[in-house]
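# Architecture and fold: a report
These are the residues of each chain, in order.
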Amino acid sequence: MNIEMFFLLLAFATVLAPMAQGQSTPPQPKITGVLTILSPKPGVTPEQVMKIMPAEIRATVPLYLDGKIQQWFTRGDGRGVIFILNCQDEAEARALIEGLPLAKENLVDEQFIPVGPLLPLGILLRDNPTNK
(Lines give C-alpha, C1' and ligand atoms only; values in the text may rest on other atoms or scores of the structure.)
Protein backbone atom coordinates (compact mmCIF):
# COMPACT_ATOMS: atom_id res chain seq x y z
CA MET A 1 0.00 0.00 0.00
CA ASN A 2 1.44 3.37 -0.94
CA ILE A 3 1.40 6.33 1.44
CA GLU A 4 -1.34 8.18 -0.49
CA MET A 5 -3.66 5.18 -0.18
CA PHE A 6 -2.88 4.90 3.54
CA PHE A 7 -3.87 8.52 4.18
CA LEU A 8 -7.00 8.17 2.05
CA LEU A 9 -8.07 5.13 4.08
CA LEU A 10 -7.26 6.94 7.30
CA ALA A 11 -9.42 9.88 6.23
CA PHE A 12 -12.34 7.57 5.48
CA ALA A 13 -11.85 5.83 8.83
CA THR A 14 -12.15 9.19 10.58
CA VAL A 15 -15.59 9.73 9.03
CA LEU A 16 -16.93 6.17 8.87
CA ALA A 17 -15.88 4.78 12.27
CA PRO A 18 -18.32 6.95 14.28
CA MET A 19 -21.12 5.99 11.89
CA ALA A 20 -20.38 2.30 12.46
CA GLN A 21 -20.76 2.95 16.19
CA GLY A 22 -24.18 4.57 15.73
CA GLN A 23 -22.98 8.16 15.99
CA SER A 24 -24.36 10.56 13.39
CA THR A 25 -21.40 12.95 13.43
CA PRO A 26 -17.72 12.20 13.88
CA PRO A 27 -16.14 13.30 17.16
CA GLN A 28 -14.28 16.58 17.03
CA PRO A 29 -10.53 16.39 17.55
CA LYS A 30 -8.84 18.22 20.37
CA ILE A 31 -7.20 21.29 18.83
CA THR A 32 -3.50 21.37 19.69
CA GLY A 33 -2.24 23.82 17.09
CA VAL A 34 -3.06 25.88 14.03
CA LEU A 35 -1.48 25.35 10.62
CA THR A 36 -1.07 28.82 9.16
CA ILE A 37 -0.26 29.54 5.52
CA LEU A 38 0.85 33.02 4.48
CA SER A 39 1.12 33.97 0.81
CA PRO A 40 1.69 37.33 -0.84
CA LYS A 41 -1.55 38.89 -2.00
CA PRO A 42 -2.05 39.07 -5.77
CA GLY A 43 -0.15 42.04 -7.15
CA VAL A 44 2.29 42.26 -4.24
CA THR A 45 5.84 42.38 -5.57
CA PRO A 46 8.89 40.63 -4.11
CA GLU A 47 10.36 44.11 -3.55
CA GLN A 48 7.41 45.09 -1.34
CA VAL A 49 7.85 41.94 0.73
CA MET A 50 11.63 42.29 1.02
CA LYS A 51 11.28 45.89 2.21
CA ILE A 52 9.28 44.64 5.24
CA MET A 53 11.19 41.36 5.73
CA PRO A 54 13.77 42.61 8.29
CA ALA A 55 10.94 43.80 10.56
CA GLU A 56 9.02 40.55 9.93
CA ILE A 57 12.01 38.47 11.01
CA ARG A 58 12.55 40.58 14.13
CA ALA A 59 8.87 40.03 15.01
CA THR A 60 8.70 36.27 14.31
CA VAL A 61 11.90 35.16 16.06
CA PRO A 62 10.59 36.12 19.54
CA LEU A 63 7.38 34.17 18.79
CA TYR A 64 9.52 31.12 18.00
CA LEU A 65 11.66 31.59 21.11
CA ASP A 66 8.50 31.96 23.24
CA GLY A 67 7.16 28.67 21.82
CA LYS A 68 4.26 30.21 19.91
CA ILE A 69 5.74 29.15 16.57
CA GLN A 70 6.37 25.42 16.86
CA GLN A 71 7.67 24.95 13.31
CA TRP A 72 8.10 27.14 10.27
CA PHE A 73 8.67 26.30 6.66
CA THR A 74 9.05 27.93 3.28
CA ARG A 75 6.41 26.75 0.84
CA GLY A 76 7.81 24.38 -1.76
CA ASP A 77 6.52 26.62 -4.54
CA GLY A 78 8.31 29.64 -3.05
CA ARG A 79 5.03 31.50 -2.54
CA GLY A 80 5.10 32.17 1.17
CA VAL A 81 5.54 30.44 4.50
CA ILE A 82 3.83 27.86 6.66
CA PHE A 83 3.77 28.10 10.43
CA ILE A 84 2.57 25.49 12.88
CA LEU A 85 1.46 27.63 15.79
CA ASN A 86 0.97 26.50 19.37
CA CYS A 87 -2.50 28.00 19.63
CA GLN A 88 -5.77 26.57 20.91
CA ASP A 89 -7.94 28.05 18.16
CA GLU A 90 -8.00 30.11 15.00
CA ALA A 91 -8.72 33.36 16.85
CA GLU A 92 -5.52 33.06 18.89
CA ALA A 93 -3.49 32.25 15.75
CA ARG A 94 -5.07 35.12 13.83
CA ALA A 95 -4.20 37.57 16.61
CA LEU A 96 -0.53 36.48 16.48
CA ILE A 97 -0.27 36.68 12.70
CA GLU A 98 -2.14 39.94 12.32
CA GLY A 99 0.35 41.53 14.69
CA LEU A 100 3.22 40.82 12.28
CA PRO A 101 4.51 43.52 9.91
CA LEU A 102 3.56 41.83 6.61
CA ALA A 103 -0.02 41.36 7.81
CA LYS A 104 -0.19 44.88 9.23
CA GLU A 105 0.85 46.21 5.81
CA ASN A 106 -1.89 44.04 4.23
CA LEU A 107 0.64 42.26 2.00
CA VAL A 108 -0.30 38.63 2.74
CA ASP A 109 -3.27 36.33 2.42
CA GLU A 110 -3.75 34.14 5.47
CA GLN A 111 -5.16 30.65 5.92
CA PHE A 112 -5.75 29.13 9.34
CA ILE A 113 -6.39 25.41 9.79
CA PRO A 114 -6.88 24.09 13.34
CA VAL A 115 -5.19 20.69 13.80
CA GLY A 116 -5.11 18.00 16.45
CA PRO A 117 -4.27 14.37 17.10
CA LEU A 118 -5.36 11.84 14.48
CA LEU A 119 -8.66 10.43 15.79
CA PRO A 120 -8.52 6.97 14.11
CA LEU A 121 -5.44 6.14 16.18
CA GLY A 122 -7.67 6.10 19.26
CA ILE A 123 -9.92 3.58 17.53
CA LEU A 124 -6.93 1.30 16.99
CA LEU A 125 -6.02 1.49 20.67
CA ARG A 126 -9.59 0.95 21.85
CA ASP A 127 -10.04 -2.12 19.64
CA ASN A 128 -6.75 -3.66 20.80
CA PRO A 129 -7.49 -6.79 22.90
CA THR A 130 -4.61 -5.97 25.28
CA ASN A 131 -6.41 -2.75 26.31
CA LYS A 132 -9.55 -4.53 27.57
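The following paragraphs examine the structure supplied in this document. (Residues numbered from 1 in each chain as written. Predicted model: local features only at pLDDT ≥ 70, side-chain atom pairs only at ≥ 80, totals over all residues. Heavy atoms only, no water.)

### Comments concerning the packing of aromatic side chains
To keep it simple, the criterion reads: Any pair of Phe, Tyr and Trp rings, taking the six-membered ring for Trp, is counted once the centres come within 6.5 Å. Such a pair is stacked with planes under 30 degrees apart, edge-to-face with planes over 60 apart, and tilted for the rest.
A full pass over the atoms with the stated rule returns 2 aromatic pairs. The rings of Y64, W72 and F83 are connected pair by pair, giving a single aromatic cluster.

### A few points about the side chain of S39
We apply this condition: Put simply, DSSP H or I for four residues or longer makes a helix, DSSP E for two residues or longer makes a strand, and each gets a number counted from the N terminus. Burial classes follow relative accessibility: with a 1.4 Å probe on protein chains only, a residue under 20% of its type's maximum area counts as buried, one over 50% as exposed, and anything between as partly exposed. Whenever a nitrogen or oxygen atom comes within 3.5 Å of another N or O atom, the pair is scored as a polar contact, on the condition that within protein one atom can donate a hydrogen and the other can accept it, and that pairs from neighbouring residues in sequence are kept only if both atoms are in side chains. Contact definition: two residues touch when any of their heavy atoms are within 4.5 Å.
Note that S39 resides in strand β1 (residues 33-40). Residue classification places S39 among the buried residues on the basis of a relative accessible area of 11%. Among the polar contacts made by the side chain of S39, one reaches the side chain of R75 at a distance of 2.6 Å. Residues within four places of S39 in sequence aside, it is in contact with R75, R79, G80, L107, V108 and D109.

### Some points on the pattern of salt bridges
Let me state the cut-off plainly: Put simply, a salt bridge is a Lys or Arg side-chain nitrogen that is within 4 Å of an Asp or Glu carboxyl oxygen.
Summed over all chains, the structure comprises 6 salt bridges. Close ionic contact of E110 with R94 constitutes a salt bridge, the shortest N to O distance being 3.6 Å. Taken together, the residues E110 in strand β4 (residues 108-115) and R94 in helix α3 (residues 90-98) connect sequence positions 16 residues apart. By relative accessible area, which is 23% here, E110 ends up partly exposed.

### Description of α3
Where we set the bar: Note that the arc is defined by the directions from the helix axis to the C-beta atoms.
Taken together, the buried positions of α3 are A93, L96 and I97. In an axial view of α3, the angular spread of the buried residues amounts to 95°, which keeps them on one side of the axis. Seen from the open side of α3, the exposed residues pointing more than 90 degrees away from its buried face are A91 and A95. Where α3 is buried, its residues meet β1, α2 (46-65), β3 (81-85), α4 (101-104) and β4. Sitting at the head of α3, D89 places a side-chain oxygen 3.3 Å from the backbone nitrogen of A91.

### As for the nonpolar core
The condition is simple: Residues belong to a common nonpolar core when they are buried Ala, Val, Leu, Ile, Met, Phe, Trp, Tyr or Cys residues joined through side-chain atoms within 4.5 Å.
Among the nonpolar cores identified, the biggest contains 12 residues, and these are V34, L38, L63, I69, F83, L85, C87, A93, L96, I97, L100 and F112. Mapped by element, the contributors of at least two residues to this core are β1, β3 and α3. A per-element tally of this core places α3 first, with 3 residues. If near-sequence neighbours (up to four positions away) are discounted, C87 is found in contact with I31, T32, G33, V34, E92, A93 and L96.

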